[in-house]
Amino acid sequence: MKKKRVQEKTIRPPEIKYTHISIIFGLLIFTCILMSVITDNFFSTKNLTGMTRNFMETALLALPMTFIILTNSIDLSVSGTVAMCAIFLAKINLVTGNIVLAIAITVITGILAGALNGVVVGYIKIPSFIATLATMFMYGGIAQGVSQAETLTGLPKTFYILGSGYFLGLPIQLWIFAVAAILFSFVLRRTEYGRNLRVIGFNPESAVYAGINVAKVHLINYVVSGAMAALAALIFVSRISAAKSNAGVGYETDAIIAVVLGGTSISGGYGTVEGTILGILLVGILRNGLTLARVSSEITTIILGMLLLLTIIISGNTGGGVIKKHKKEK
Amino acid sequence: MEKVLELKKIRKTFPGVVALQNMCFTLKKGEIHAIAGENGAGKSTLIKVMAGVHIPDEGEIIVKGRQVQFTCPQDAITAGIGVVHQETSLFPDLSIMENMFIGRLPKKGFFRSVDFAKMKAEAERIYAMLDIKMDVIKPVKTLGIAEKQMLEIAKALSQNSEILILDEPTAALSIREVETLFKIIEKLKASGVSIVYISHRLEEIFQIADYISVIRDGEYVASAPVSQVDTAQLVQWMVGRDVDEFYPKAESDIGEVLLSVSGLSDGSLLRNVSFEIREGEILGFAGLAGAGRSETATAVVGLRPKITGAVLLKGKELKIRKYLDALENGIVYISEDRQRNGVTLPMSIKDNITLAMLKHICRFGVINRKKDKEVAGSYMKQFQIAAPHMNFVVGNLSGGNQQKVSVSKGLACNPRVLILDEPTRGVDVGAKAEIHDMIGRLAASGMSIIMISSEMPEVLSMSDRVVIFRQGAVAGCLSREEATQEKVLALALEAKVTEVQA
């Protein structure tokens, strides 16, 4: 029996970091126990629902972020895209009174914003960190300019279902996330696209030598990221029933922390969608629980930063992995 | 004449290979001493031993009568040995003088600030010594390759080098630049500097060197004053191996012309390269490193941009813009640098093997996992890839097994034309024989195979025809019967065949 287990362990696919995921899983359980001790109402239905609603926008962004980080890139612009989409949605609704048109234009805006990132990173080959930092300012600036720093309201009541409605007793956005997460997981595990993502992350040159169109993969990744940002913007506006140009501030960092905590290597190649989900849960629970325990949000951010450093150091998930070991042997 | 550098019975091994053995070398004061040898003969390792980069396992290094032990490159510099490398290691945005003194900038005053005036004067003095007229505060990125090369020489001299090692200094230079370089070398020689000169170009050695040493397979072969040897003698020293004992080729029926390439140029190295290959034929690409063999192959399959040139498959012109276009037409290239781009080291054997052909086992982009395993499993079995299971990480396999994975990846695409670039580089003898056997069988099954190899015996014994490259162009094409080691080497070195035969 024991022997069989050992054998199974060795034939696991090498691109998943089991040690890291075990650590995160342990941390998650520990955090839940901690929260139930230091707060009174962490496990109340009301709190859990509120927490889910508050964090699902970041969670939706973390999914495409996983793919982008897998290819050794980053998308800092998502917060700007969310703000821009949120403002466009409210503004167009105010001007035309047509919510369907407003939603359509919002989604198109998100896709175009992602496409610009994809072209700049994939085809013009500007390092993604700089490229998306620039577009983050561009998109965020557009949001500020269009809104003139005002809070835009006036959306139809029916639209609020998206952000505050229930389906089978659970918040609607949780269902949206669940469907998206299953889809992303499937793509990464089972499709050609998913395997190409890993190859590009591990070694973009060997990807080219296998006939993979690397630039196109980057483009698709960023377009998906932009579309998900538009979706997050819809949910955001619906949830708080207004649009502000500071919508989405800090979403990109929380999403990146969730992805990296979840075991995706910052230098690409290694990682799973399941890990990202664990990362999202951990970040979400920490943020919510510590707020309940009256810890200020600055302290929470410091704790998250420390946690990120510690998990990376403990699990040794600094990227490189096999290659690094290999070079040493040589 | 006084001996300035002497190497005695040097032995250097790397894991699994003996790079140098019983190597002897003597350099006299004010002498230009050329070192010649085939690709992989051990020239680079020898230079690195002299420069303190590699520490020899056995043997003595004697500098000016004193036995020394280099533990790092700095030791060699201190002992007065300067190396001008093939690829320059200059900082493009810094000035000439800063590059010359980088790491040991002259300092002055309490704050140890950089003494630019002193540095400028020093740099100008060295340039004047070499008769180079140039503003030493110019940034290096504005210099041409020849000027950079001269800066490297000046840099070595500024470190008070009495022994200068020039590794292929003319590889990237035009004829006029070579002349200028030679004038500088003569000048150095006159001032008492001893020079070790490495070059593939035999006529340069005859022009400039006083003495020549030939090495082969990591061992010292012979040395003589240049005035007393001729090309034929040199080539014989460099080859000196019995070909017949290597790799017999399997018989195959050679059919119609399958792939023909004509007028291929890339604007930098390749000039009007043309060749054709028939079904079931093994076409060898021979030539020196950098002669354009791999460049031709990668340009044909769309991995390297080309300016002109037509690629015809069965008489139909193909439009190949990217590698995928070649793959879809059944032209597969297997890289020479398997660690860099031949395989993806951190991935499993299975994922590597099916990587390039994944499209064919996908439906709507979803991988058929059963077929994925079947394909990988069949190649693992066929090539006897030594690994416990197919999810084993390729980076942990031996070189030979990694190469088998790389070849499997190519073959899984079902190629009609297979281009193998250095298929046996860095693999052990057993794996080598297996790979040769496989190449023979593939050709016998009707596949057209282009084999690029720097190992002369391999090219000669495997190929039906050999195309010889020299400086980006086809220097000649020999049939199996015509091709001898001497003729191929003579074509590759641009020496005249008649001269060699005489």
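Keep in mind it's a predicted model, so treat the numbers as computed, not measured. (Residues numbered from 1 in each chain as written. Chains lettered and ligands numbered in written order. Predicted model: local features only at pLDDT ≥ 70, side-chain atom pairs only at ≥ 80, totals over all residues. Heavy atoms only, no water.)

## Focus on the overall build of chain A
Consideration 1: Helices and strands together make up the secondary structure of chain A, namely 15 helices and two strands.
Consideration 2: The globule rule puts the C-alpha radius of gyration for 330 residues at 20 Å, and the 20 Å found for chain A is close to it.
Consideration 3: Counting only C-alpha atoms, chain A reaches 65 × 50 × 35 Å along its principal axes.
Consideration 4: The contacts in chain A between residues at least 6 apart in sequence include a share of 79% that link residues at least 24 apart.
Consideration 5: Total accessible area on chain A is roughly 15000 Å²; 69% of this is exposed by carbon and sulfur atoms. (Helix = DSSP H or I, 4+ residues; strand = E, 2+ residues; numbered from the N terminus. Rg over C-alpha atoms; globule rule 2.2 N^0.38 Å. Contact = heavy atoms within 4.5 Å. Areas by Shrake-Rupley, 256 points an atom, 1.4 Å probe, with all protein chains shown as cover.)

## Observations regarding the sheet that holds strand β23 (residues 465-470) of chain B
All names here are of chain B.
Consideration 1: Overall, mixed pairing links the six strands, which are arranged β18-β21-β22-β15-β23-β24 in an open sheet. Every interior strand has two partners, whereas the edge strands, β18 (331-334) and β24 (473-479), have only one. Averaged over all adjacent pairs, the angle separating strand axes in this sheet is 20°, with direction ignored.
Consideration 2: Pairing geometry for strand β15 (residues 282-287) and strand β22 (residues 448-452), over four bridges, is parallel. Residue pairing for β22: I282 is matched across the bridge by I449. (Pairing = 2+ DSSP bridges. Axes fitted to C-alpha atoms, helices over the stretch in contact; angles between N-to-C directions.)

## Some details on the interface of chain B and chain A
Consideration 1: Contact residues are listed per partner, giving 37 residues for chain B and 25 residues for chain A.
Consideration 2: Roughly 2800 Å² is buried in total at the junction of chain B and chain A, and carbon and sulfur atoms are behind 59% of that figure.
Consideration 3: Sorting the residues of chain B by area buried against chain A places B:N341, B:P346 and B:L355 first, and these three jointly supply 19% of that buried surface.
Consideration 4: The tally of links between chain B and chain A comes to four salt bridges.
Consideration 5: Across the pair B:D372 and A:R195 runs a salt bridge whose closest N-O atoms are separated by 2.8 Å.
Consideration 6: The interface formed by chain B and chain A contains ten residue pairs in polar contact (both at pLDDT 80 or more). (Buried area = accessible area lost by both parts, 1.4 Å probe. Salt bridge = Lys/Arg side-chain N within 4 Å of Asp/Glu carboxyl O. Polar contact = N/O pair within 3.5 Å; in protein donor to acceptor, adjacent residues only side chain to side chain.)

## Remarks on the layout of surface pockets
Consideration 1: Put simply, the second largest pocket is a space of about 650 Å³.
Consideration 2: If you trace the second largest pocket, you find 27 residues lining it, with A:P13, A:E15, A:I16, A:R189 and B:R369 closest to the centre.
Consideration 3: Listed by contribution, the elements that provide at least two residues to the lining of the second largest pocket are α2 (18-38), α8 (172-190), α9 (192-202) and α13 (273-292) of chain A together with α12 (349-353) and α13 (369-382) of chain B.
Consideration 4: Split by residue class, the lining of the second largest pocket holds nine nonpolar, seven polar and eleven charged. (1 Å grid on protein atoms, 1.4 Å probe; cavity = no way out; pocket = protein on both sides within 12 Å on 5 of 7 lines; lining within 4 Å. Points joined across faces, edges and corners; volume = space filled by probe spheres on them. Nonpolar A, V, L, I, M, F, W, Y, C, P; charged D, E, K, R; others polar.)

## Quick look at the packing of helix α4 (residues 116-129) of chain B against helix α5 (residues 145-158) of chain B
Pairs of packed helices are described in terms of their axes, by the angle between the two and the distance that separates them.
All names here are of chain B.
Consideration 1: Closest axis-to-axis distance for the α4/α5 pair is 10 Å, and the angle between their directions is 115°. Between α4 and α5, the interaxial angle falls into the category roughly perpendicular. Classified by chirality, the crossing of α5 by α4 is right-handed. Judged by residue contacts, I126, Y127 and M129 of α4 engage L151, A154, L157 and S158 from α5. (Parallel < 35°, antiparallel > 145°, perpendicular 65-115°, else oblique. Left-handed = near helix turned anticlockwise from the far one by under 90°.)

## Structural notes on the environment of A:T49
Residues and elements named next belong to chain A.
Consideration 1: With respect to the helices and strands, the residue T49 is situated in helix α3 (residues 45-70).
Consideration 2: Relative accessible area serves as the criterion here: at 14%, T49 is assigned to the buried category.
Consideration 3: Residues T49 and L174, 125 residues apart in the sequence, show an inter-C-alpha distance of 9.4 Å.
Consideration 4: In this structure, T49 is in contact with Y166 and P171, ignoring residues within four places of it in sequence. (Buried < 20%, exposed > 50% of the residue type's maximum accessible area, 1.4 Å probe, protein only.)

## Regarding the packing of aromatic side chains
Consideration 1: Inspection of the entire model under this criterion finds ten aromatic pairs over all chains.
Consideration 2: Relative to A:Y270, the ring of A:F202 has its centre 4.9 Å away and its plane inclined at 85°; by these criteria the two rings are edge-to-face. Within this pair, whereas A:F202 is found in helix α9, its partner A:Y270 is found in the loop between α12 (251-261) and α13, the two being separated by 68 residues in sequence. Just as A:F202 is buried, A:Y270 falls in that class too.
Consideration 3: Centre to centre, the rings of B:F182 and B:Y197 are 6.3 Å apart; their planes meet at 70°, and the pair counts as edge-to-face. In this pair, B:F182 is assigned in helix α6 (residues 175-190) and B:Y197 in strand β10 (residues 194-198), connecting sequence segments 15 residues apart. Note on accessibility: B:F182 and B:Y197 belong to one class, buried. (Phe/Tyr/Trp six-rings, centres within 6.5 Å; stacked < 30°, edge-to-face > 60°.)

## Quick notes on the sheet that holds strand β13 (residues 257-265) of chain B
All names here are of chain B.
Consideration 1: With respect to topology, four strands assemble into an open sheet ordered β14-β13-β16-β17, the strand pairing being antiparallel. The open sheet has two free edges, formed respectively by β14 (273-278) and β17 (316-318), since each of these has just one partner strand. Between one strand and the next, the sheet's axes are offset by a mean angle of 20°, whatever the strand orientation.
Consideration 2: Bridge analysis of strand β16 (residues 308-313) against β17 gives three bridges, and the strand direction is antiparallel. Along β17, the bridge assignment pairs V311 with L318.

## Some words on a nonpolar patch on the surface
Residue and element names in this part refer to chain A.
Consideration 1: On the surface, F25, I29, F30, I33, L34, V37 and I38 cluster together into a nonpolar patch covering about 670 Å² of accessible area.
Consideration 2: Along the chain, the position of L34 falls in helix α2.
Consideration 3: Classification of L34 by relative accessible area gives partly exposed; the value is 33%. (Patch = residues over 30% accessible without salt bridge, like charges linked within 9 Å, V, L, I, M, F, W, Y side chains within 5 Å.)

## Observations concerning the domain arrangement of chain B
Residues and elements named next belong to chain B.
Consideration 1: What the domain assignment reports for chain B is domain 1 (3-239), domain 2 (244-330 + 416-428 + 446-502) and domain 3 (340-414).
Consideration 2: Relative to domain 3, the C-alpha centre of domain 2 lies at a distance of 26 Å.
Consideration 3: At the boundary of domain 2 with domain 3, total buried surface from both sides reaches about 640 Å², with 69% on carbon and sulfur atoms.
Consideration 4: When the buried surface of domain 2 facing domain 3 is broken down by residue, L327, L418 and V427 rank first, second and third, together holding 43% of it.
Consideration 5: In this assembly, domain 2 and domain 3 are joined by zero salt bridges.
Consideration 6: Where domain 2 meets domain 3, there are one residue pair in polar contact (both at pLDDT 80 or more).
Consideration 7: Among the residues making up the side of domain 2 that touches domain 3, the classes are represented as six nonpolar, one polar and one charged. (Domains from an automatic or database assignment.)

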